[in-house]
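A structural walkthrough
Here is how the chains run, residue by residue.
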Amino acid sequence: MDKFLIIKTRDEFLRIRMSDILYFEADRNYTKLLLSEGIQFTFAINIGKIEDMFQAQYADSHATLLRVGKSFIINKNYILQINLPKQKLLLLTPGGKPRELTVSKEPLKALKDMLEQEGIKPKKNAE
């Protein structure tokens, strides 16, 4: 069953399928949303309030949508590459179009470490 994020402002109502969200980007008191199909929206809401909205609607959505530093909330399902020395995060859309984000080193390292931990599965005893 699809999950939807509802974003309401004074003038707008937006219902977005969670799996279609590529990332949110902070821009002062505004937040840009880029969907995996390339459609972009801008809201007169800061990124902290967007984060509060999806946490209030879905306590478990943090498993897919992750805050990375002060400027981004990304959908981890689209992560293709993390490059710490260049401070780059590469997201790949279903259509194959890459999106490169510049992220501070510390949040990027924390993201890399978290994803590596998720990838480690307990080993079965060889007995």
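Scope of this entry: the structure provided in the associated data block. (Residues numbered from 1 in each chain as written. Predicted model: local features only at pLDDT ≥ 70, side-chain atom pairs only at ≥ 80, totals over all residues. Heavy atoms only, no water.)

Of note in this structure, R28 is not a glycine but carries a positive phi near 60 degrees. Along the chain, R28 turns up in the loop between β3 (21-27) and β4 (30-35). A residue is classified by how much of its surface remains accessible, and R28, at 78% relative accessible area, is exposed. Its identity is not glycine, yet Q87 carries a phi of approximately 55 degrees, on the positive side. Along the chain, Q87 falls in the loop between β8 (79-83) and β9 (88-92). By relative accessible area, Q87 is classed as partly exposed at 30%. (Helix = DSSP H or I, 4+ residues; strand = E, 2+ residues; numbered from the N terminus. Buried < 20%, exposed > 50% of the residue type's maximum accessible area, 1.4 Å probe, protein only.)

Our next topic: the pairing of β8. As paired strands, β8 and β9 are joined by four bridges and run antiparallel to one another. Counted as the bridge partner of I79 is L91 from β9. The turn linking β8 back onto β9 is made up of four residues, and Q87 within it adopts a positive phi angle of 55 degrees. (Pairing = 2+ DSSP bridges.)

Turning our eyes to something else, we now look at the sheet that holds β8. By way of backbone hydrogen bonds, the strands of a sheet pair with one another, either parallel or antiparallel. On the basis of which strands lie adjacent, the open sheet formed by three strands has the order β8-β9-β10 and antiparallel pairing. Strands at the two margins of the open sheet, each flanked by one partner only, are β8 and β10 (98-102). Mean inter-strand twist for the sheet, computed between neighbouring axes without regard to direction, equals 15 degrees. Most of the contacts of helix α2 (residues 105-119) go to β8, to which it runs at about 125 degrees, and overall it touches β8 and β9. (Axes fitted to C-alpha atoms, helices over the stretch in contact; angles between N-to-C directions. Contact = heavy atoms within 4.5 Å.)

Examined against the element boundaries, T93 turns out to sit in the loop between β9 and β10. Given a relative accessible area of 8%, T93 falls into the buried group. If sequence neighbours within four positions are ignored, T93 has contacts with L22, S36 and Y78.

The next point concerns the nonpolar core. In this structure, I7, I21, F24 and L33 are the most contacted members of the largest nonpolar core, which totals 19 residues. Taken together, the elements giving at least two residues each to this core come down to β1 (4-8), β2 (13-17), β3, β4 and α1 (47-57). The biggest single contributor to this core is α1, with four residues. Those residues in contact with I7 that lie beyond four places of it in its chain are E12, F13, L14, I16, F24, F43, I45, I50 and M53. (Core = buried A, V, L, I, M, F, W, Y, C linked by side-chain atoms within 4.5 Å.)

We now examine the packing of aromatic side chains. Counted under the stated rule, the structure contains two aromatic pairs. With a centroid separation of 6.0 Å and an interplanar angle of 75 degrees, the aromatic rings of Y23 and F72 are classed as edge-to-face. In this pair, Y23 is assigned in strand β3 and F72 in strand β7 (residues 72-75), connecting sequence segments 49 residues apart. Just as Y23 is buried, F72 falls in that class too. (Phe/Tyr/Trp six-rings, centres within 6.5 Å; stacked < 30°, edge-to-face > 60°.)

All right, on to the environment of I82 then. You can see I82 is positioned in strand β8. In this structure, the C-alpha to C-alpha distance between I82 and V103, residues 21 residues apart in sequence, is 9.7 Å. Residue contacts for I82: discarding those within four places in its chain leaves K88, L89, L108, L111, K112 and L115.

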